[in-house]
Amino acid sequence: MNASTAWHENLSKALANRSFLVGLIITSLLALMAALSFVWTPYGVGTFDIIGKLKPPSAAHWLGTDHFGRDILSMIMVGSRNSIAVAFVSVVIGMGLGVPLGLWAAARGGVTDELLMRFNDLVFAFPALLSAVMITAVFGPGAINAIIAIGIFNIPVFARVARGAALSLWPREYILAARASGKGAARITVEHILPNVANLLVVQGTIQFSLGILAEAGLSYVGLGSQPPMPSWGRMLFEAQTMISLAPHMALFAGLAIVITVLGLNLLGDGLRDVLDPKLRRER
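Bear in mind that the values here come from a model prediction, so they are computed numbers and not experimental data. (Residues numbered from 1 in each chain as written. Predicted model: local features only at pLDDT ≥ 70, side-chain atom pairs only at ≥ 80, totals over all residues. Heavy atoms only, no water.)

Peer 1: Is there a simple way to explain the packing of helix α7 (residues 173-180) against helix α8 (residues 185-221) in this structure?
Peer 2: Between two packed helices, both the angle of their axes relative to each other and the distance between the axes serve to describe the pair. The contact between α7 and α8 brings their axes to 11 Å, and the two run at 170°. Viewed along their axes, α7 and α8 adopt a mutual orientation that is roughly antiparallel. Contact with α7, carried on its side by Tyr174, Ile175, Ala178 and Arg179, involves Ile188, His192, Ile193 and Asn196 of α8 and no other residues of that element. Broken down by class, the residue content of the contact of α7 with α8 amounts to 5 nonpolar, 2 polar and 1 charged. (Axes fitted to C-alpha atoms, helices over the stretch in contact; angles between N-to-C directions. Helix = DSSP H or I, 4+ residues; strand = E, 2+ residues; numbered from the N terminus. Parallel < 35°, antiparallel > 145°, perpendicular 65-115°, else oblique. Contact = heavy atoms within 4.5 Å. Nonpolar A, V, L, I, M, F, W, Y, C, P; charged D, E, K, R; others polar.)

Below you can see the structure in the form of structure tokens.
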């Protein structure tokens, strides 16, 4: 079977997987909304209409307006860019640093492996929110510091996944054959270990992406994420909590944006797992 045939076969399996298909549709719509917001939104996010504040959904404002008269749909569209950027960069940081550490620990073993695991335990003791509090105490709140905090939390996640998957491969016959042929640990890791754990890392990356969306919303909710005037789904929820009895739509649509996005990414990750790693396929 050549590479093209294998690719088409995997694509057919993916499209036949309902979780993958639904997750792909939701994620694609999110990406399309974020891209569209660069060139068009129904109203400017800096447009205030005090007379039209707290209006329910209507033909003029499909999702209503907030307590400043800003269009909620426009805020959600622009806010999606911020959520995607923070989550994506934090995953890149976690994967870029965590995967090499995990693969290196699996290849070296011994003291190196033990030290990495203790480092992971130390980082896990400080969740993303607490890390953000410490970072912003020094550098101040903002999207960059939120990215750093979430990215640091992602490092041990990817390190554990890469290490665990690599340890299961090192005793395999083809790895022993590569070592017998004179290949060093670094070359074996790059040529044989990494390609065989890539699928698992892609799935984990999708999961961490959804967690990054949640973490960014949580940090913005407590004022540690993106700062005004940049819209943020988490801050929209914070601002809506005092208006819940007067304008429940303010909290409803911002909350739905977070829920649907996280649901779509989790479904996408679940579908990818089933397609890329049949051994982990669950009975449905």
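Still to come is the rest of the account.
Peer 1: Is there a simple way to explain the packing of α8 against helix α9 (residues 233-240) in this structure?
Peer 2: With their axes 6 Å apart at the nearest point, α8 and α9 run at an angle of 45° to one another. Considering the angle they form, α8 stands oblique to α9. Considering the relative orientation of α8 and α9, their crossing is right-handed. The segment α8 lies against α9, with Ile213, Ala217, Ser220 and Tyr221 engaging Trp233, Gly234, Arg235, Leu237 and Phe238. Here the contact of α8 with α9 is composed, by residue class, of 6 nonpolar, 2 polar and 1 charged. (Left-handed = near helix turned anticlockwise from the far one by under 90°.)

Peer 1: Please explain the packing of aromatic side chains as it appears in this structure.
Peer 2: Two numbers describe a pair of aromatic rings. These are the distance of the centres and the angle of the planes. Considering all chains together, one arrives at 2 aromatic pairs under this definition. Relative to Phe238, the ring of Tyr221 has its centre 5.7 Å away and its plane inclined at 90°; by these criteria the two rings are edge-to-face. A residue pair is termed long-range when its members are at least 10 positions apart, and Tyr221 in helix α8 and Phe238 in helix α9 qualify at 17 residues. Given a relative accessible area of 33%, Tyr221 falls into the partly exposed group. Given the relative accessible area of 40%, Phe238 is considered partly exposed. Cation over ring: Arg81 sits above Phe38, and NZ or CZ is 4.3 Å from the ring centre. (Phe/Tyr/Trp six-rings, centres within 6.5 Å; stacked < 30°, edge-to-face > 60°. Buried < 20%, exposed > 50% of the residue type's maximum accessible area, 1.4 Å probe, protein only. Lys NZ or Arg CZ within 6 Å of the ring centre and 35° of its normal.)

Peer 1: Sorry if this is basic, but what is going on with the side chain of Asn17 here?
Peer 2: Residue placement: Asn17 occurs in the loop between α1 (3-16) and α2 (18-36). On the accessibility criterion, Asn17 (13% relative accessible area) is buried. Only 3.1 Å separates the side chain of Asn17 from the backbone nitrogen of Ser19, close enough to count as a polar contact. Discounting residues that sit within four places of it in the chain, Asn17 has contacts with Gly271, Asp274 and Val275. (Polar contact = N/O pair within 3.5 Å; in protein donor to acceptor, adjacent residues only side chain to side chain.)

Peer 1: Explain a nonpolar patch on the surface to me, please; I cannot follow it from the model alone.
Peer 2: Residues Leu122, Phe126, Leu129, Leu130, Val133, Met134, Tyr221, Val222 and Phe238 make up a contiguous nonpolar surface patch of roughly 770 Å² in combined accessible area. Sorting elements by how many residues they give to the nonpolar patch places helix α5 (residues 128-139) first, with 4 residues. (Patch = residues over 30% accessible without salt bridge, like charges linked within 9 Å, V, L, I, M, F, W, Y side chains within 5 Å. Areas by Shrake-Rupley, 256 points an atom, 1.4 Å probe, with all protein chains shown as cover. Salt bridge = Lys/Arg side-chain N within 4 Å of Asp/Glu carboxyl O.)

Peer 1: Quick question: what am I supposed to make of the side chain of Thr41 here?
Peer 2: For Thr41, the location among the structural elements is in the loop between α2 and α3 (72-108). From its side chain, Thr41 meets the backbone oxygen of Tyr43 in a polar contact 2.8 Å long. Not counting residues up to four positions away in its chain, the partners in contact with Thr41 are Ser74, Met77 and Val78.

Peer 1: Just to check I follow, could you spell out the nonpolar core for this structure?
Peer 2: Formed by 41 residues in total, the largest nonpolar core has its most connected members in Ile76, Ile193 and Trp233. Looking at this core, the elements that each hand over two or more residues are α3, α6 (143-169), α7, α8, α9 and α10 (248-276). If you tally residues by element for this core, the top one is α3, at 10 residues. When neighbours within four sequence positions are excluded, Trp233 is seen to be in contact with Leu30, Met33, Ile76, Gly79, Ser80, Ser83, Ile213, Ala254, Ala257, Ile258 and Thr261. Grouped together as the second largest cluster of nonpolar side chains are 9 residues, Ala132, Ile135, Ala149 and Leu219 included. (Core = buried A, V, L, I, M, F, W, Y, C linked by side-chain atoms within 4.5 Å.)

Peer 1: Just to check I follow, could you spell out the environment of Leu214 for this structure?
Peer 2: Within the secondary structure, Leu214 is located in helix α8. In the structure, Leu214 is positioned 178 residues away from Leu36 in sequence and 22 Å away in space, judged by C-alpha atoms. Leaving out residues up to four positions away in the same chain, Leu214 has contacts with Ile258 and Val262.

Peer 1: When you look at unusual backbone geometry in this model, what are you seeing that I'm missing?
Peer 2: Residues apart from glycine generally show negative phi values, whereas peptide bonds are mostly found in trans. In this model, Pro228 is joined to Pro229 through a cis peptide bond whose omega is 10°. Among the structural elements, Pro229 can be located in the loop between α8 and α9. With a phi close to 60°, Leu54 is a non-glycine residue in the positive phi region. In this fold, Leu54 is placed in the loop between α2 and α3.

Peer 1: Just to check I follow, could you spell out the pattern of salt bridges for this structure?
Peer 2: Once their charged atoms are close, side chains differing in charge can pair, the charge on each being opposite to the other. Applying the stated rule across the entire model yields 11 salt bridges. A salt bridge links Asp113 to Arg163, with the shortest nitrogen-to-oxygen separation between them at 2.4 Å. Of the two residues, Asp113 sits in helix α4 (residues 110-124) while Arg163 sits in helix α6, which places them 50 residues apart along the sequence. Each member of the pair Asp113 and Arg163 is classed as buried. Here Arg273 and Asp274 are joined by a salt bridge, their closest N and O atoms 3.3 Å apart. Asp274 shares its class with Arg273; the two are buried. Here the salt bridges do not stand alone but share partners, grouping Asp66, Arg70, Arg235 and Glu239 into one network.

Any functional reading would require information beyond the geometric quantities listed.
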